[in-house]
There are 2 protein chains.
Amino acid sequence: MWFKNAVTRFPQAWFKVCNVKSVCCRNYSVISSVLEKPNIGDDTEVKGWVRNLRVMKGVVFADVSDGSCAQRLQVVIPKDLKTDALTYGSSVHVSGILSKTPKGQVELVANKVKVLGECVVLDGYPFNPRTVHPPEYMRQFLHLRSRTNYISAILRVRNSVTRHIHDYFAAHNYIHINTPILTSNDCEGAGEVFKVQPDSSATVKAMMQEGKDTDSAYFGSKTFLSVSGQLHLEAVCRGMGNVYTLGPTFRAENSRSRLHLSEFYMLEAEAAFCDSLDQLQELIEGLLKHVLVQTRNSNEADLFIIDKANASPPVWIDKKFITLSYDEARNILEKKHLDVTEEGINKEQELALVEYCNGTPVFVVRWPKNLKSFYMKECADDNSKVEALDLLTPITGEVVGGSLREDDYEKLKQKLPSEALNWYLELRKFGNIPTGGFGLGLERLLQVVCSVNNIKDTLPFPRWPHNCDM
Amino acid sequence: MWFKNAVTRFPQAWFKVCNVKSVCCRNYSVISSVLEKPNIGDDTEVKGWVRNLRVMKGVVFADVSDGSCAQRLQVVIPKDLKTDALTYGSSVHVSGILSKTPKGQVELVANKVKVLGECVVLDGYPFNPRTVHPPEYMRQFLHLRSRTNYISAILRVRNSVTRHIHDYFAAHNYIHINTPILTSNDCEGAGEVFKVQPDSSATVKAMMQEGKDTDSAYFGSKTFLSVSGQLHLEAVCRGMGNVYTLGPTFRAENSRSRLHLSEFYMLEAEAAFCDSLDQLQELIEGLLKHVLVQTRNSNEADLFIIDKANASPPVWIDKKFITLSYDEARNILEKKHLDVTEEGINKEQELALVEYCNGTPVFVVRWPKNLKSFYMKECADDNSKVEALDLLTPITGEVVGGSLREDDYEKLKQKLPSEALNWYLELRKFGNIPTGGFGLGLERLLQVVCSVNNIKDTLPFPRWPHNCDM
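Keep in mind that this is a model prediction, so the values were computed, not measured.

### Describing the overall build of chain A
Thought 1: What chain A contains, in helices and strands, is 13 helices and 17 strands.
Thought 2: By principal-axis analysis of the C-alpha atoms, chain A measures approximately 85 × 65 × 55 Å.
Thought 3: Evaluated residue by residue, chain A yields a buried proportion of 62% over its 470 residues.
Thought 4: Within chain A, contacts between residues separated by at least 24 positions form 67% of all contacts whose residues are at least 6 apart in sequence.
Thought 5: Carbon together with sulfur atoms contributes 48% to the accessible area of chain A, which is approximately 18300 Å² in total.
Thought 6: The positive charge centre, built from 55 side chains, and the negative charge centre, built from 57, are 7 Å apart in chain A.

Listed below in structure tokens is the structure:
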């Protein structure tokens, strides 16, 4: 190949310059590493927070956490090293010898303890040792709640789930694309939008153009926060093949349920050359199982902290997901006296369908056209239906929505809701391909993976109506 | 450990249920895989776009790309399979036998060619074969430009760079945190902000609270797009140790330079227990070298497409970065008759300093307090200076800014710009630790790694003043 000439011009030496495994920016050990490969007998230094303290005769046991893992390191402190400042919640720098208890537990026998920062609980610290605080209580202290076992465990799982998602898509040859947050599209029908403009009225004034209003001053068009990156992904998919995005998305709805946020992360994927829902379903089912299995592997102890019920995997881990047509789903619900209105299947009905399937996730496919978006492809054998799917799971109900996209230029032209989307239509004009894709709410997936009831506890700083502290 | 009990409760069988490597959602081969491990003689199907077409006697050569890599697959098409629809830009489904040319090049000898989507260039397709279009021209067609070699190569590199960044921080025990995009903080001093409110006036009206204005209707406080996740990261750092974030950030400035965007991605890291700039510098230098080396490894052909000069690595790849104090930097610039004003070092001066260092990146440290933010720690030996750093590189000048954070409760209280940041102050009250951190502009890093002059070409959908198409 022509570019192969380039190979010989790269000296090999500098590939070795940088060794990512080298420990930099640190003169102490991370607790996850200490516990994973304990060098018993070694001089060891750790830094972290005292999460629990037990005073015995002649000796104090401190459980120290540095956030790197769910596990704490037990530190044995001779009484003469115990100062008043060494309390629950304080930050410490401990030096000592790594040892093993008779029962085989790794512990650090301290010969030096320095308190870096005191923690006087009576001075207003909202958390107490050996206390399980309700999630609603912790939510009042967003700036401090990552210090609790519950929230730190969830945030470590979130980090891993994100990682496993990227691994899955990399293994399937998908390229990650950052779709924009700011957009001049407001007509995708995915929900109410936030509008954006400079806070400075001087900036707005200076940037005004003739014939435009203040909303359009900065960008030249009215600008919103994205409700979906799908249309942008479709553009890149027609240049680069399989693509996906994982990023923040926004809804300006006045919804305060345990399943809604004003700002949330959405995973969206667009599969190139995709011409059947089966292919999408296979991709989605594989993703959910991959994330669940890998996370149970990587964050076992965290999952157990979040909910002891997580000790057992969900019933669906080794079952094939179920598929129902919309009409089948409606019939099942009618037999349960849950009649579906013309607004479609509601949350109660979603969860009833999952229960009907004994807790196995269920794809509902072939939806009535009027319930779904303009860009979805009509079913070839029934033009009142579209090739759309929702995936329903325990805890959250809908967690994924997807479809094949209308790839016929003339049909799409008829359905286009606004001239502002002519760019989207034009994607079909040149070298068009069939595509399909889906969107998955990351926080809802975390609710499913971790068994978390309220979506507001699956991210560090939740935003919902009348709540945007910090 | 107590949690170890959980292990025995997990059946091992379901760890094998999901095999991420299985090819799903696809009944054809991806070109990157075909070229990496060619099974010569096998029946092979590919789908992609015709990027080049050469008609010879009796046979047509089509270079087909599917976006999975920079390389194209040469497809040999007998003339009787060539239809009028098979043109530059068309999408095709090709079946054939994988072969090797006498020179050893992999090619697909077609026995079936189906055109999926035609491309009539004269019908308004803006790109031509065998033509290098200037970046400014391509920017007029954001919805189509990922079909060009130049932009698709950059987007593949962007995908890899993001990946390498996450790998680096995972290897250094950093946890990825999604800091919020919506925030009620407006006083971090990082630049002008965008404000956010629901577009629907009905929603605003319905959510109004007594004593609050329309700007505060939805969230209960005036809400902005984040200019930095640092303060939020610092909160989580004091619960979980080393943390970082990579996400969108916004500036409502009227700046149209080749180095500025209204929406860009920022990598921010906060190092727990960090008490010297040296540690931060080591972390940053290691990061840049890791990203550069790994990307040259993973995306060699893409880099060569973007700029042939990328065939050689930059001069600094195996050099130690240089460190200058702000005062030293100012003296150097004065000798070059580039006097520094009280506003600090400007872009021209940044680039002059890099030139002075023969193109090696240079840390400028110990900045005058009045040029930097309130949260930076004063130098112990000079309270007119703060423990801050900027990293300057070729092409972009500043690409990283960082500092040690003021960790003294009383000193920070004196400097706090607003009561709204009392939560930030309170982080220092309980179990406080020394921390330091930095922010790196992802798009500027891409300019450096790829040798791209204009930042607007480093992301798929750039937003800048008077430009928010799509």
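### Structural notes on the interface of chain B and chain A
Thought 1: Contacts between chain B and chain A engage 155 residues on the former and 156 residues on the latter.
Thought 2: A buried area of about 13100 Å², summed over both sides, lies between chain B and chain A, and 62% of it is on carbon and sulfur atoms.
Thought 3: If you sort the residues of chain B by the area they bury against chain A, Phe273(B), Phe430(B) and His466(B) come out on top, with a joint share of 6%.
Thought 4: Inspection of the region where chain B meets chain A yields four salt bridges.

### Digging into the side chain of Thr245(B)
Residue and element names in this part refer to chain B.
Thought 1: If you trace the backbone, Thr 245 turns up in strand β10 (residues 243-250).
Thought 2: Given a relative accessible area of 5%, Thr 245 falls into the buried group.
Thought 3: Separated by 2.7 Å, the side chain of Thr 245 and the backbone oxygen of Ile 177 make a polar contact.

### So, the packing of helix α4 (residues 149-171) of chain A against helix α7 (residues 277-298) of chain A
Residue and element names in this part refer to chain A.
Thought 1: Remark: α4 packs on α7, axes separated minimally by 9 Å, with the N-to-C direction vectors making an angle of 135°. As judged from the angle between their axes, α4 and α7 are oblique. As α4 runs across α7, the sense of the crossing is right-handed. Contacts between α4 and α7 involve Val 157, Ser 160, Val 161, His 164, Ile 165, Asp 167, Tyr 168 and Phe 169 from the first element and Glu 282, Leu 283, Gly 286, Leu 287, His 290, Val 291, Gln 294, Thr 295 and Ser 298 from the second.
Thought 2: For the contact of α4 with α7, the residue count by class is eight nonpolar, seven polar and two charged.

### What about the confidence of the model for chain A?
Thought 1: Within chain A, residue pLDDT values average 93, and 94% of them lie at 70 or more.
Thought 2: Within the model, the stretch residues 1-23 of chain A combines pLDDT values under 50 with 40 contacts to residues more than four positions away or in other chains.

### Observations regarding unusual backbone geometry
For residues that are not glycine, phi is negative in most cases, and the peptide bond is trans in most cases.
Residue and element names in this part refer to chain B.
Thought 1: Even without glycine at this site, Asn 358 takes up a positive phi of about 55°.
Thought 2: Mapped onto the secondary structure, Asn 358 falls in the loop between α10 (347-356) and β13 (362-368).
Thought 3: You will see that Arg 366, though not glycine, has its phi angle at about 60°, which is positive.
Thought 4: In this fold, Arg 366 is placed in strand β13.
Thought 5: Arg 366 sits in the partly exposed class, given a relative accessible area of 26%.

### A short note on the pairing of strand β13 (residues 362-368) of chain A
All names here are of chain A.
Thought 1: Counting buried residues along β13, six of its seven residues qualify, which places the element largely inside the surrounding structure.
Thought 2: In terms of strand pairing, strand β12 (residues 322-325) meets β13 through four bridges, oriented parallel. The residue bridging Ile 322 from the neighbouring strand is Val 362, located in β13.
Thought 3: Note that β13 and strand β15 (residues 382-393) share six bridges and pair antiparallel. The residue of β15 that forms the bridge with Val 365 is Leu 389.

Conventions adopted
- Chains are numbered independently. Their residues run from 1 in the order of the written sequence.
- Chains carry letters and ligands carry numbers; both start at the beginning, A for chains and 1 for ligands, and go up in the order they are written.
- Under the rules for a predicted model, residues below a pLDDT of 70 receive no local features and side-chain atom pairs below 80 are neither given nor counted, while totals for whole chains, interfaces and linings still include all residues.
- To obtain the side-chain values, all non-hydrogen atoms of the structure were used and water was disregarded.
- To qualify as a helix, a DSSP run of H or I must reach at least 4 residues; to qualify as a strand, a run of E must reach at least 2; elements of each kind are numbered from the N terminus.
- Relative accessibility under 20% of the residue-type maximum defines a buried residue, over 50% an exposed one, and the middle range a partly exposed one, all with a 1.4 Å probe and only protein chains included.
- Pairs of residues are marked as contacts when any of their non-hydrogen atoms sit within 4.5 Å.
- Accessible surface is estimated by sampling points in the Shrake-Rupley manner with a 1.4 Å probe; for residues, cover comes only from the protein chains shown.
- Under the counting rule used here, the positive set is Lys and Arg, the negative set is Asp and Glu, and His together with the chain ends is not counted.
- Think of each charge as sitting on NZ of Lys, CZ of Arg, CG of Asp or CD of Glu.
- Put simply, buried area is the surface a 1.4 Å probe can reach on two separate parts but cannot reach once they are joined, added for both.
- The term salt bridge refers to a side-chain nitrogen of Lys or Arg lying within 4 Å of a carboxyl oxygen of Asp or Glu.
- Definition of a polar contact: a pair of N or O atoms within 3.5 Å, with one able to donate and the other able to accept a hydrogen when the atoms are protein atoms, and with sequence-neighbouring residues admitted only if both atoms are side-chain atoms.
- Note on definitions: angles span 0 to 180 degrees between N-to-C directions of axes, and those axes are lines fitted to C-alpha atoms, for helices only across the stretch in contact.
- Any angle between 65 and 115 degrees counts as roughly perpendicular, while under 35 counts as roughly parallel, over 145 as roughly antiparallel, and the rest as oblique.
- Definitions for this section: a left-handed crossing has its near helix turned counterclockwise from the far helix by less than a right angle. A right-handed crossing has that turn clockwise.
- Gly is put with the polar residues, along with every residue not named as nonpolar or charged; the nonpolar set is Ala, Val, Leu, Ile, Met, Phe, Trp, Tyr, Cys and Pro, and the charged set is Asp, Glu, Lys and Arg.
- The score called pLDDT rates the predictor's confidence residue by residue, from a low of 0 to a high of 100.
- For two strands to count as paired, DSSP must find a minimum of two bridges between them.

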